Amino acid sequence: MTQMTLTFDAVAEATPGPKWAARWQRSWPAYEAWFTARGGDHGPSREDCRAAMESHMPELVPIYDRLVLIAGGSDRAARFLSTWCPPTYLGGCSLAATSDADDVRLLRNYDLSPELNEGLLLQTEWSGRAVMGMVEFLWGLSDGINDAGLTVALAYGGRSETGVGFGVTTILRYILETCDSVPEALEVLQRVPSHMAYNLVLADASGRTASVELSPGGGIRLLPKAIATNHQSAPTQADRPGFTRSLERRAHLDRLRVAPRRLNREFLRPPLLQDRYAEGFGTLFTAEYNPLTRSLGLTLKGERWDQHLDAFAEGQRIVDYGPSTTRGAVASAMPDQYAGVDWAQAARINWTQVVQDYAAGRGREIAAYLPTS
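Rules used in this analysis
- Residues numbered from 1 in each chain as written.
- Predicted model: local features only at pLDDT ≥ 70, side-chain atom pairs only at ≥ 80, totals over all residues.
- Heavy atoms only, no water.
- Helix = DSSP H or I, 4+ residues; strand = E, 2+ residues; numbered from the N terminus.
- Buried < 20%, exposed > 50% of the residue type's maximum accessible area, 1.4 Å probe, protein only.
- Areas by Shrake-Rupley, 256 points an atom, 1.4 Å probe, with all protein chains shown as cover.
- Axes fitted to C-alpha atoms, helices over the stretch in contact; angles between N-to-C directions.
- Parallel < 35°, antiparallel > 145°, perpendicular 65-115°, else oblique.
- Contact = heavy atoms within 4.5 Å.
- Nonpolar A, V, L, I, M, F, W, Y, C, P; charged D, E, K, R; others polar.
- Core = buried A, V, L, I, M, F, W, Y, C linked by side-chain atoms within 4.5 Å.
- Salt bridge = Lys/Arg side-chain N within 4 Å of Asp/Glu carboxyl O.
- Pairing = 2+ DSSP bridges.
- pLDDT = per-residue confidence, 0-100.
- Lys, Arg positive; Asp, Glu negative; His and termini not counted.
- Arc of directions from axis to C-beta.
- Phe/Tyr/Trp six-rings, centres within 6.5 Å; stacked < 30°, edge-to-face > 60°.

**A closer look at the overall build of the protein**
Phase 1: Looking only at helices and strands, the protein has 11 helices and 16 strands in total.
Phase 2: In the protein, buried positions account for 57% of the 373 residues.
Phase 3: On the protein, roughly 14,800 Å² of surface is accessible, and the fraction owed to carbon and sulfur atoms is 49%.

Structure follows, in structure tokens:
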């Protein structure tokens, strides 16, 4: 059954310690089940994982070692936290960055099922510099900003094949721990391989922006406009583009001509805003990053939560993503082949299974996952 509420926590911890340990204890059982079910125990050895990090991201090794120690030091925890050649995963998002002579903004919508997001905004100084962002895989980031004003966000690239590389959330953490600008971040992306296809949008305090497509196993493609959704320009067809509406959202972003300060409002309405929570694809949060003020504005189901890197305030918000449409309204919006489907039962779908199936390339129509009784 889909959990229709999500608790967001804002946590500050300069160095990994008891707060991160508490989060590990809370989240690891679910991650461990996912890791083992998806074949993580048959992946690279602990030694190979650490060697890959030493080779590609040596500045993160002391942080990684400390996190592994806090996590209990097991081989499985060490391999999981390295994210070197991890099991497949995916998500849906819209990204855009823009600037003018006076302003810079990076926007992202995070679209997924509420039960598949950690709901953690973490402010750290792990490498001696301040970093603030939304956490995934317990220390990686789906988006964030650092004390130089560099900000970056990711979106699934729409292809489930994998290559030899790191989980993209660790790459985002590495960028924000070590880079000051978009050009420096691009140098990192050219040499650190991603294990799956992902799209990144970046912006910095100078007003520079970029959109990058990451290929499985390494290689990047720079795009002319700092926007991204859930497909790439490569000839390979994107996974489930009709369900994610990736092409529609990308076309909308491409048509936008708005000032940086007005970009946020575009992400708070369709087609960028998704409200299909019962189908496992709703906008869990909208993040507006301002590189000039080093701030983040989170919009959670219509409620704004502002944070500043230099004046971070711990706190908590509980968001209810309950049904946003009636059964009749949902049914009337469905194609004819879905006539008679009881979409009122969508909340009982096992969305974790749906995500795993699509990541493995065996996804079915969503109606096929509805409970039979």
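**So, the packing of helix α1 (residues 18–37) against helix α4 (residues 75–82)**
Phase 1: With their axes 11 Å apart at the nearest point, α1 and α4 run at an angle of 90° to one another. Classified by the interaxial angle, the pair formed by α1 and α4 is roughly perpendicular. Of the residues in α4, those touching α1 at W20, W24, W28, Y31, E32, W34, F35 and T36 are R76, A77, R79, F80 and L81.
Phase 2: When the residues that make up the contact of α1 with α4 are grouped by side-chain class, the tally is 9 nonpolar, 1 polar and 3 charged.

**Here we look at the nonpolar core**
Phase 1: The biggest cluster of nonpolar side chains holds 59 residues, and the ones touching the most others in it are W20, W24, F80, L81, W139, L200 and L202.
Phase 2: Excluding anything up to four places from it in sequence, W20 contacts E13, L67, I70, A71, L81, W126, L138 and W139.
Phase 3: Among the nonpolar cores identified, the runner-up in size contains 35 residues, and V104, A226, L300 and Y321 belong to it.

**With respect to the pattern of salt bridges**
Where charged atoms from two side chains of opposite charge approach closely, those side chains can pair.
Phase 1: Throughout the structure, instances matching the rule amount to 23 salt bridges.
Phase 2: For R76, the salt bridge is made with E32, and the minimal N-O distance between the two is 2.8 Å. Linking R76 in helix α4 with E32 in helix α1, this pair joins segments that are 44 residues apart in sequence.
Phase 3: A salt bridge links E288 to R304; its shortest N-O distance comes to 2.9 Å. In this pair, E288 sits in strand β13 (residues 281–290) while R304 sits in strand β15 (residues 303–308), placing the two residues 16 residues apart along the sequence.
Phase 4: Under the relative-accessibility criterion, E288 is labelled buried at 7%.
Phase 5: The network of salt bridges with common partners includes D103, R105, E288, R304 and D306.

**A short note on the sheet that holds strand β8 (residues 198–203)**
Phase 1: Pairing is mixed across the open sheet formed by 9 strands, whose spatial order is β10-β9-β8-β7-β6-β5-β4-β1-β16. Sheet topology places β10 (220–223) and β16 (315–320) at the edges, where each strand pairs with a single neighbour. Along the sheet, successive strands turn relative to each other by an average axial angle of 20°, direction set aside.
Phase 2: Across 3 bridges, the pairing between strand β6 (residues 140–146) and strand β7 (residues 151–156) is antiparallel. For G144, the partnering residue across the bridge sits in β7 and is V152.
Phase 3: Here helix α5 (residues 168–178) sits on the sheet in contact with β4 (120–124), β5 (131–136), β6, β7, β8 and β9 (209–214), set at roughly 15° to β6.

**What to know about the confidence of the model for the protein**
Phase 1: Of all residues in the protein, 87% have pLDDT values of 70 or greater, and the mean over the chain is 89.
Phase 2: In this model residues 324–339 is a low-confidence stretch, pLDDT under 50, and it forms 10 contacts with partners more than four residues away in sequence or in other chains.

**Concerning the side chain of E213**
Phase 1: Assignment of secondary structure puts E213 in strand β9.
Phase 2: For E213, which is buried and forms no salt bridge, the nearest opposite charge comes from R221, at a distance of 4.1 Å.
Phase 3: Excluding residues that lie within four positions of it along the chain, E213 makes contacts with Y198, N199, G219, I220, R221, L223, Q232, S233 and A234.

**Quick word on helix α3 (residues 61–70)**
Phase 1: Residues of α3 that are buried: V61, I63, Y64, L67 and V68. Down the axis of α3, the smallest arc covering the buried residues is 160°, so these residues share one side. For α3, the exposed residues lying more than 90 degrees away from the buried face are P62 and L69.
Phase 2: On its buried face, α3 sits against α1, α2 (46–56) and α4.

**Some points on helix α8 (residues 246–255)**
Phase 1: Along α8, the residues classified as buried are S246, R249, H252 and L253. Burial along α8 is one-sided: seen end-on, the buried residues are contained in an arc of 130°. Opposite the packed face of α8, turned more than 90 degrees from it, sit the exposed residues L247 and R255.
Phase 2: Those residues of α8 that are buried are in contact with β2 (92–99), β3 (104–112), β11 (227–228), α7 (241–244), α9 (263–267) and β13.

**Looking at the packing of aromatic side chains**
Phase 1: Applying the stated rule across the entire model yields 15 aromatic pairs.
Phase 2: With 5.9 Å between their ring centres and 65° between their planes, Y156 and Y198 make a pair best called edge-to-face. Taken together, the positions of Y156 in strand β7 and Y198 in strand β8 put the pair 42 residues apart, joining distant regions of the chain. The pair Y156 / Y198 is uniform in exposure class, with both members buried.

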